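Reading the structure
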Amino acid sequence: MKRLWQVLRLLWKAEPWAMWRGAALAVAVLVMGAALLGLSGWFITATGIAGIAGVGIAFDVFRPSAGVRFLALGRAGARYGERLLTHDATLRALARLRVTLLQRLERFPMPELRRLRGAAALTRITADVDALDGVVLRLALPVAAALITHGAAFVTLWALTSHAIAASIALGYLLGGGVVLWRVGRATLAPSSQAEEAMQTLRQRAIGLFRGRREAILQGTLPRWRDSLDATEAEARGAMDRLDSIDTGAGMTLAIIVTLVTAAVFALAGVLVAGSDLDPALAAIGVFVALALAETLVPLRRGMAEIGRMRDAAERVMAAPERTPQPKLSGPVEPAVEGAALEVRHLSLARPGWTRLLLHDLSFAVMPGEMLAIRGESGAGKSTLFDVLAGLAPATAGEALLKGRPLPDWEAPALRDALMLVSQRSALLSGSILENLALADPELTEARAWEALRAVSLDAAIEARGGLGSQLGEGGAGLSGGQSRRLVLARAILRRPDVLLLDEPTEGLDATTARAVLDGIRGFLPDAAIVTASHRAAELETADRVISLERYIPKS
């Protein structure tokens, strides 16, 4: 439960003033509800006694009536304010939590982040953040408000009625209700986690079937997919049915506890009134307050039933690996190549979790305005090398220098301004062409946008589909694979980096277009050092130099 406490602190600190006001109003709602029933019980009983005694005409009905109206209207207003403030504050806090989550995700190594790009991981993260709104709204605030209200009721009943009545209500609710809610929380830990997991699996498989329905139909696997979805849905329904059964049983048990507490208070009040130790009207306050305090237990049932889901979500959201330290060079420090934009010294690489090296003792330097092509077969380590050169992953040995400084010495903003990586799977967003390009420069003008599109030979295609304002669907849907690739390249060169890393930049383009795109990029960035991971002839022929990775692959 440590993670739940961390999430609560994080959410509360995001909007503390609104949270405290909402908490105060939540307490006011419960206190006013108990006071309303207690005053009403006293008023009805006292009026009846006055009528029987023949002094009804002298009984003051105006002030108790005004008190009942005030409490009724005040309770309604407090309820509205509490819902408004706490929900608004929680939504704002969740927005802050998303920012915190993104900051935590920065600590993940690049291979892990690439795994998070899938629909399953993104759906999981979204659901986890949404689940955490219950930490405040259905757990922390109801528990705190209930405890404060019971404390206020205990002190008030102790002063107005009898010590025995106050203690009976407190013990009945806090012990009986507390045990039931604790058991609900324990019993629902596993089912709530299973239900959430099954629902996430169901969503992911439904999305997968929707996206791959054409292939499923062509390969005749649609019935098997549907059977899998039916089985997952049955699992989710089974877990939710278990939760409903536990919740229903808890509701029945709490109702019995309320009935027993009220009956015990009624009997105790009767004994005290019969012995002339307590005024009947004051005794009625204890009975009606016992009924009113049932409202403090109802909101807690849902929160305790979802505590397993919230706990698991908090564990995933708040967990983050530590940054992997960059290895330090041992031995004498070599002088930097004078004027080099990017320099690699005795670099050795291995994939995360591997002991076998992909590359060993790789060294080269790239000057401003030069284009270097790195050639290698699929799986030779080109993408891993580019992650290291972009500062996204540590090297196993050796180091890379950007403009004479080791990569770890660069602050992240300055590094991203000086160096740009275009990976094989760069993303486009839903929106206009101009909005996608403006990710590189929020102050981008249309003239500069067209200049970048011309550099990658995409201007004619964009003009034909309606210009910079034409809309793209999710993930850049609406463009062909080659057009999407060129739009990503146009966005990258708008940053005007000193070093541009291009991983398979012309994949999906014919040879003529590929040469035109590479020439256009060099013309747009005449002073940039460009490094491409290449195996296509167009990319190798355009480069000033070519390095083959085969000579740096360790012999097994």
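First things first, this report covers the structure right here in the doc. Since we're looking at a predicted model, the values are computed, not measured.

Some remarks on the environment of R316
For R316, the location among the structural elements is in helix α12 (residues 307-318). You can call R316 partly exposed: its relative accessible area is 35%. In sequence terms R316 and D128 are 188 residues apart; their C-alpha atoms lie 7.6 Å from each other.

Overview of the packing of helix α6 (residues 133-160) against helix α10 (residues 280-292)
Two numbers describe how α6 lies on α10: the axes approach to 10 Å, and their chain directions differ by 160°. As the angle between them shows, α6 and α10 are arranged roughly antiparallel. For the crossing formed where α6 meets α10, the hand is left-handed. For the pair α6 and α10, the contacting residues are A153, L157 and L160 in the first and L282, I285, G286 and V289 in the second.

Quick look at the sheet that holds strand β6 (residues 419-422)
Strands pair in a sheet through their backbones, by hydrogen bonds, and they do so in one of two ways: parallel or antiparallel. Strands sit in the order β6-β9-β10-β3-β11 across an open sheet of five strands; the sheet is parallel. The outermost strands of the open sheet, each flanked by one partner alone, are β6 and β11 (545-548). The mean angle between the axes of side-by-side strands here comes to 15°, regardless of whether they run parallel or antiparallel. Pairing analysis gives five bridges linking strand β9 (residues 499-503) to strand β10 (residues 529-534), with the strands arranged parallel. Looking across to β10, one finds that L502 is bridged to T532.

What about the pairing of β6?
Burial along β6 is two-sided: L419 and L421 facing one way and M420 and V422 facing the other are all buried. Note: β6 against β9, four bridges, orientation parallel. Residue V422 lies in a different strand from β9, and its bridge partner there is L502.

Concerning a nonpolar patch on the surface
A cluster of nonpolar side chains, namely V143, L147 and L174, defines an oily patch on the protein surface of about 250 Å² accessible area. By the secondary structure assignment, L174 is in helix α7 (residues 163-211). We classify L174 as partly exposed; its relative accessible area is 44%.

Observations concerning the pairing of β10
Burial within β10 is extensive, with six of its six residues counted as buried. Along β10, one buried face is formed by A529, V531 and A533 and the opposite face, lined by I530, T532 and S534, is buried too. Sheet analysis places strand β3 (residues 371-375) next to β10, joined by five bridges and oriented parallel. Paired with A373 across the two strands is T532, which belongs to β10. Between the parallel pair β9 and β10, the chain is carried across by helix α19 (residues 511-524), and the sense of this crossover is right-handed.

Considerations on the sheet that holds strand β4 (residues 397-402)
On the basis of which strands lie adjacent, the open sheet formed by four strands has the order β2-β1-β4-β5 and antiparallel pairing. Strands with a single pairing partner mark the edges of an open sheet, and in this sheet they are β2 (359-366) and β5 (405-406). Relative to β4, strand β1 (residues 342-349) is paired through five bridges, and the arrangement is antiparallel. Pairing of L342 across the sheet is with L402, part of β4. Running at roughly 125° to β1, helix α13 (residues 382-389) makes contact with β1, β2 and β4 of the sheet.

Considerations on the packing of aromatic side chains
In the structure shown here, the tally under the stated rule is one aromatic pair. Aromatic side chains F154 and W158 sit 5.3 Å apart centroid to centroid with 55° between the ring planes, which places their arrangement in the tilted category. Highlighted residues: F154 and W158, both in helix α6, separated by four residues, approximately one helical turn. Owing to a relative accessible area of 39%, W158 belongs among the partly exposed residues under this scheme.

Calculation rules
Residues numbered from 1 in each chain as written. Predicted model: local features only at pLDDT ≥ 70, side-chain atom pairs only at ≥ 80, totals over all residues. Heavy atoms only, no water. Helix = DSSP H or I, 4+ residues; strand = E, 2+ residues; numbered from the N terminus. Buried < 20%, exposed > 50% of the residue type's maximum accessible area, 1.4 Å probe, protein only. Axes fitted to C-alpha atoms, helices over the stretch in contact; angles between N-to-C directions. Parallel < 35°, antiparallel > 145°, perpendicular 65-115°, else oblique. Left-handed = near helix turned anticlockwise from the far one by under 90°. Contact = heavy atoms within 4.5 Å. Pairing = 2+ DSSP bridges. Patch = residues over 30% accessible without salt bridge, like charges linked within 9 Å, V, L, I, M, F, W, Y side chains within 5 Å. Areas by Shrake-Rupley, 256 points an atom, 1.4 Å probe, with all protein chains shown as cover. Salt bridge = Lys/Arg side-chain N within 4 Å of Asp/Glu carboxyl O. Right-handed = clockwise from strand over helix to strand, strands pointing away. Phe/Tyr/Trp six-rings, centres within 6.5 Å; stacked < 30°, edge-to-face > 60°.

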